[in-house]
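Survey of secondary and tertiary structure
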Amino acid sequence: IKAMEISLSQQISEIRGETVGELRIGINTVRARILLPKILAQYLEKYPKVKTSFYISDTWVLSEMLKDNRIDLFIGVETESNKALNRIKIYDEDIYFIATREFLINKANIPNDKIDCYLEDGISLMSLNNVPTIRNLDGCSFNFIIDRNIKKYDIQLPEVINTSDYDMQIEFTGNSLTGAF
């Protein structure tokens, strides 16, 4: 009976030209913080009668949720190819390495007089060989991107700390203990 009520309510709304229903979106914490405040107000204004739920997790978990029909879509990186799913590229994300000046001089052996050039132009991944890093926990999609590139260039990045808490990563990096992506 409940399903019939929902169906009837949706049909009446469609006749009125209203968009109703439910949308279940998966997204990771960082993207949620960056993207949702920018788009949510416009979305809610355009679709006020659509119940929207956000599921926060890592891409691999969201991929499984999508396959099991527990969410309708997700925004993620490095998703596996699956012919049953449609993938739409939204944009390419830049990858940044963050570190203090002191860390770059002492751990990455970058001369003090060259630091400003690196800060302006960026740093080569090869310049970071054997530099201690703080990385996300195993299974995080972002790690797959970093790992693919360090393998490609045969670079060693010792992981001294693993946490998916980005505030903690920034805190350790700010104390010149590690660098982070």
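My aim in this report is to walk through the structure given alongside it, one point at a time. Every chain is numbered independently, its residues counted from 1 as its sequence is written. In keeping with the model being predicted, local features are shown solely for residues with a pLDDT of at least 70 and side-chain atom pairs are shown and tallied solely at 80 or more, while totals for entire chains, interfaces and linings include all residues. The side-chain values count all of the structure's non-hydrogen atoms but skip hydrogen atoms and water molecules.

Brief notes about the packing of aromatic side chains
For clarity, the cut-off: Between rings of Phe, Tyr and Trp, where Trp is taken as its six-membered ring, a pair exists when centres lie within 6.5 Å; planes separated by under 30 degrees are stacked, by over 60 edge-to-face, and by other angles tilted. Partly exposed describes any residue whose relative accessible area lies between the buried limit of under 20% and the exposed limit of over 50%, with all areas from a 1.4 Å probe on protein chains only and scaled to the type maximum.
Counted under the stated rule, the structure contains two aromatic pairs. Ring centres of Tyr43 and Tyr47 lie 5.3 Å apart, and the angle between their planes is 45°; this geometry places the pair in the tilted category. By relative accessible area, which is 25% here, Tyr47 ends up partly exposed.

Details of helix 3 (residues 59-67)
For clarity, the cut-off: Helix numbers and strand numbers start at the N terminus; a helix is a DSSP run of H or I with at least 4 residues, a strand a run of E with at least 2. Within this analysis, the arc is defined by the directions that extend from the helix axis to the C-beta atoms. The contact rule is simple, with two residues in contact once any of their heavy atoms fall within 4.5 Å.
Among all positions of helix 3, only Thr59, Leu62, Ser63, Met65 and Leu66 are buried. One side of helix 3 holds all its buried residues, which, seen down the axis, span an arc of 160°. On the buried face of helix 3, the contacting elements are strand 1 (21-27), strand 2 (50-56), strand 3 (73-75) and helix 6 (141-152). Following helix 3 by one or two positions, Asn69 has its phi on the positive side, about 65°.

Description of the nonpolar core
Note the cut-off: What we call a nonpolar core is a set of buried Ala, Val, Leu, Ile, Met, Phe, Trp, Tyr and Cys residues that are connected through their side-chain atoms within 4.5 Å.
Counting residues in hydrophobic clusters, the biggest one holds 14 residues, and the most contacted among them are Phe97, Leu128, Leu157 and Phe181. Those elements that provide at least two residues to this core are helix 4 (101-106) and helix 6. Once residues lying within four places of it in the same chain are set aside, the contact partners of Leu128 are Phe97, Ile123, Gln156, Leu157 and Phe181.

Observations regarding the pattern of salt bridges
Heads up, the condition is: By convention in these notes, a salt bridge is any Lys or Arg side-chain nitrogen within 4 Å of a carboxyl oxygen on Asp or Glu.
With the rule as written, the count across this model stands at six salt bridges. Ionic pairing is found between Asp72 and Arg24, a salt bridge with its closest N-O pair at 2.9 Å. Of this pair, Asp72 sits in the loop between helix 3 and strand 3 while Arg24 sits in strand 1, and the two are 48 residues apart along the sequence. Arg70 is the salt-bridge partner of Asp68, the closest N and O atoms lying 3.2 Å from each other. When salt bridges that share partners are traced, they join Arg135, Asp147 and Glu159 into one network.

A closer look at unusual backbone geometry
Excluding glycine, residues mostly carry a negative phi; peptide bonds, for their part, are mostly trans. One non-glycine residue, Asn69, lies in the positive phi region at around 65°. Along the polypeptide, Asn69 turns up in the loop between helix 3 and strand 3. A positive phi is found at Ser176, a non-glycine position, where the angle reads about 65°. Structurally, Ser176 can be placed in the loop between helix 7 (166-174) and strand 6 (179-180).

Focus on the pairing of strand 1
Successive residues of a regular strand alternate their side chains across the two faces of the sheet. As a reminder, the rule being used: By the criterion used throughout, a crossover qualifies as right-handed when its path from the first strand across the helix to the second strand runs clockwise, the strands pointing away from the viewer.
For strand 1, the tally of buried residues reaches six of seven residues, placing the bulk of the element in the interior. For the segment spanning strand 1, helix 2 (residues 29-46) and strand 2, crossover handedness is right-handed.

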